[in-house]
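Chains, contacts and geometry: an overview
Here is what each chain is made of, one letter per residue.
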2 protein chains.
Amino acid sequence: MDLLALYDADHPSRTVRELTDATGLAKSTVVRLVHTLEQSGLLWSRGDGRTVPGPSLLRWADLARFTWQLPEAALVRMKELSEASDGEAVHLYVRQQRARICIARHEGTRTLRHVVRVGEEMPLWSGAASHILLSRAERPDIDAIAAQAPHPDWAETLWERSRRAAVQGWSASHGEREAGVSGVAAPVFDRDGHLVAAIALGGPTTRFTDEAVATFAAALVATARDLTALDCIGGPTR
Amino acid sequence: MDLLALYDADHPSRTVRELTDATGLAKSTVVRLVHTLEQSGLLWSRGDGRTVPGPSLLRWADLARFTWQLPEAALVRMKELSEASDGEAVHLYVRQQRARICIARHEGTRTLRHVVRVGEEMPLWSGAASHILLSRAERPDIDAIAAQAPHPDWAETLWERSRRAAVQGWSASHGEREAGVSGVAAPVFDRDGHLVAAIALGGPTTRFTDEAVATFAAALVATARDLTALDCIGGPTR
């Protein structure tokens, strides 16, 4: 999986040599992994000795779209949220083990904007969206996640911020992962009241003043409520 | 991977019980596999006890599209090929181990049509596209693939048909896998002359008369030559 992550728009194809250099693994290990990935269709060998992401991914692409594509009404609400925040970027995250994954976004219109691609994995130890996704997590879970953070004693901080998120129904963060980057987020639930996602506005801290955060929080909570009513996270049969 | 294949439009979410029933595996094995797939983001547990294809697939979906999406010019040629064949379905296949995978298609306009979805895996022991994809294969390779066929002594047949495909530059098949289904195919090469794909017309045998096959073959060879010139199979940097 980590090997597949080395393929992107800048590196659409790779040689064994490139994979060896990028991973630091022994050549024999890379050759074996590439062979296994080829067997399962996740990598494909071109005639020129380079490998590319395999055609079997096409089937999975359909599956992913089918499961995670939001209905038009939800995308419209995300666009409206961006407009209500004067063009900040909107991202929708779900928890995936000890990370959060962006499942939808509206890029916003600002020149300086917070960009996270759909499918991108972000750390769960930082950011307003993480506070929300962890707002019902138990302490040992929080401790394990906080252990990934580069900050000392982060468990206590993450615990407090996720508890506060649970109480106030939204959360804000400033520079937890990257200095100068802020976020505000609110929870989305399924029809049975399970927490399923966090909707977030993100941008430069300079634009996320206390006043702006208060406005953003109100808009986020309203959008989160609408997404909850649409009950559309994780597949059409919800 | 076989577990993931159980999720589709008719089964967007699954319980462990359903997976156990569908695979015939022991419940403990299914629980372990589901856990592993969740760890890697390929499955995602909803709050209601059902699992869905995971959000990590979204990133792979991008990767697959990026690598395999054909340029507009290639799609136009496939559409023109369908029109030239009076509306038969056009499919483009690449070899993936001992199978062929459809990487692009034009559905055609006939009511009775040959339907293979993008990303779908088809057997390599049957069909005109397989003869083409195996036209440069060695005998042991052919023998291993023919062993998957439900027909006796298929290796000799597959060997002969793939040799003939190599010589005449196209191939036709009638009812090899399914009675009443025919196909005609031609080879697509990369700029270095490596065989990379087979372009095929498929439909009911009743419409694939000798006369029609001759017309289809000429149109396919012309289209295959154009796709070869576009050099667009398996990524934009080819």
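Above this note sits the structure.
Report on the accompanying structure.

Cut-offs used in this document
- Residues numbered from 1 in each chain as written.
- Chains lettered and ligands numbered in written order.
- Predicted model: local features only at pLDDT ≥ 70, side-chain atom pairs only at ≥ 80, totals over all residues.
- Heavy atoms only, no water.
- Helix = DSSP H or I, 4+ residues; strand = E, 2+ residues; numbered from the N terminus.
- Rg over C-alpha atoms; globule rule 2.2 N^0.38 Å.
- Contact = heavy atoms within 4.5 Å.
- Areas by Shrake-Rupley, 256 points an atom, 1.4 Å probe, with all protein chains shown as cover.
- Lys, Arg positive; Asp, Glu negative; His and termini not counted.
- Charge placed at Lys NZ, Arg CZ, Asp CG, Glu CD.
- Salt bridge = Lys/Arg side-chain N within 4 Å of Asp/Glu carboxyl O.
- Buried < 20%, exposed > 50% of the residue type's maximum accessible area, 1.4 Å probe, protein only.
- Axes fitted to C-alpha atoms, helices over the stretch in contact; angles between N-to-C directions.
- Left-handed = near helix turned anticlockwise from the far one by under 90°.
- Nonpolar A, V, L, I, M, F, W, Y, C, P; charged D, E, K, R; others polar.
- Phe/Tyr/Trp six-rings, centres within 6.5 Å; stacked < 30°, edge-to-face > 60°.
- Buried area = accessible area lost by both parts, 1.4 Å probe.
- Polar contact = N/O pair within 3.5 Å; in protein donor to acceptor, adjacent residues only side chain to side chain.
- Pairing = 2+ DSSP bridges.

1. Here we look at the overall build of chain A
- The secondary structure content of chain A amounts to eight helices and eight strands.
- Whereas a compact globule of 238 residues would reach a radius of gyration of roughly 18 Å, chain A reaches 20 Å, a difference of no more than 12%.
- Considered along the principal axes of its C-alpha atoms, chain A spans approximately 55 × 45 × 40 Å.
- For chain A, the share of sequence-separated contacts (at least 6 apart) that also reach a separation of at least 24 residues comes to 54%.
- Accessible surface computed for chain A: about 10,500 Å², of which carbon and sulfur atoms make up 51%.
- Seen as two clouds, the 27 positive and the 30 negative side-chain charges of chain A have centres 3 Å apart.

2. Section: the pattern of salt bridges
All names here are of chain A.
- Tallying each qualifying case throughout the model produces 36 salt bridges over all chains.
- With a closest N to O distance of 2.8 Å, arginine 46 and aspartate 48 form a salt bridge.
- A relative accessible area of 33% means that aspartate 48 is categorised as partly exposed.

3. Focus: the environment of alanine 84 of chain A
All names here are of chain A.
- Relative to the assigned elements, alanine 84 resides in helix α4 (residues 72-84).
- We classify alanine 84 as exposed; its relative accessible area is 51%.
- As a C-alpha pair, alanine 84 and glutamate 120 span 36 residues in sequence and 25 Å in three-dimensional space.

4. A look at the packing of helix α1 (residues 16-23) of chain B against helix α2 (residues 27-39) of chain B
All names here are of chain B.
- As a packed pair, α1 and α2 sit with axes 9 Å apart at the nearest point and diverge in direction by 115 degrees. Two packed elements cross with a definite hand, and for α1 against α2 that hand is right-handed. Counting all contacts with α1, which are made through Val16, Leu19, Thr20 and Thr23, the residues of α2 involved are Lys27, Val30, Val31 and Val34.
- A per-class count over the contact of α1 with α2 returns five nonpolar, two polar and one charged.

5. A closer look at the packing of aromatic side chains
- The tally for this structure, following the rule as stated, stands at seven aromatic pairs over all chains.
- Ring centres of tryptophan 68 of chain A and tryptophan 44 of chain B lie 4.9 Å apart, and the angle between their planes is 75 degrees; on these two criteria the pair is classed as edge-to-face. Remark: tryptophan 44 of chain B occurs in strand β1 (residues 43-45) and tryptophan 68 of chain A occurs in helix α3 (residues 56-68); the pair is interchain, linking two chains. The pair formed by tryptophan 68 of chain A and tryptophan 44 of chain B is uniform in burial state, with each residue classed as buried.

6. Concerning the interface of chain B and chain A
- Each side of the interface is counted separately: chain B has 52 residues, and chain A has 54 residues.
- When chain B packs against chain A, close to 4,500 Å² is buried across both sides, 64% of that on carbon and sulfur atoms.
- Here chain B is connected to chain A by zero salt bridges.
- The tally of links from chain B across to chain A stands at eleven residue pairs in polar contact (both at pLDDT 80 or more).
- Broken down by secondary-structure element, the contributors of at least two residues to the side of chain B that touches chain A are α2, β1, β2 (51-53), α3 (56-68), β3 (89-96) and β4 (99-106) of chain B.

7. A closer look at the sheet that holds β3 of chain B
All names here are of chain B.
- Strand order in the open sheet formed by six strands is β5-β4-β3-β8-β7-β6, with antiparallel pairing between adjacent strands. Among the strands making up the open sheet, the edge pair consists of β5 (121-123) and β6 (171-174). Here the strands of the sheet are splayed against their neighbours by 35 degrees on average, with no regard to which way each runs.
- As judged from the seven bridges shared by β3 and β4, these two strands associate in the antiparallel manner. Within β4, the residue paired with tyrosine 93 across the bridge is cysteine 102.

8. Examining the side chain of aspartate 231 of chain A
All names here are of chain A.
- Considering the arrangement of structural elements, one finds aspartate 231 in the segment after α8 (210-230).
- Classification of aspartate 231 by relative accessible area gives buried; the value is 11%.
- Among the polar contacts made by the side chain of aspartate 231, one reaches the side chain of arginine 191 at a distance of 3.2 Å.

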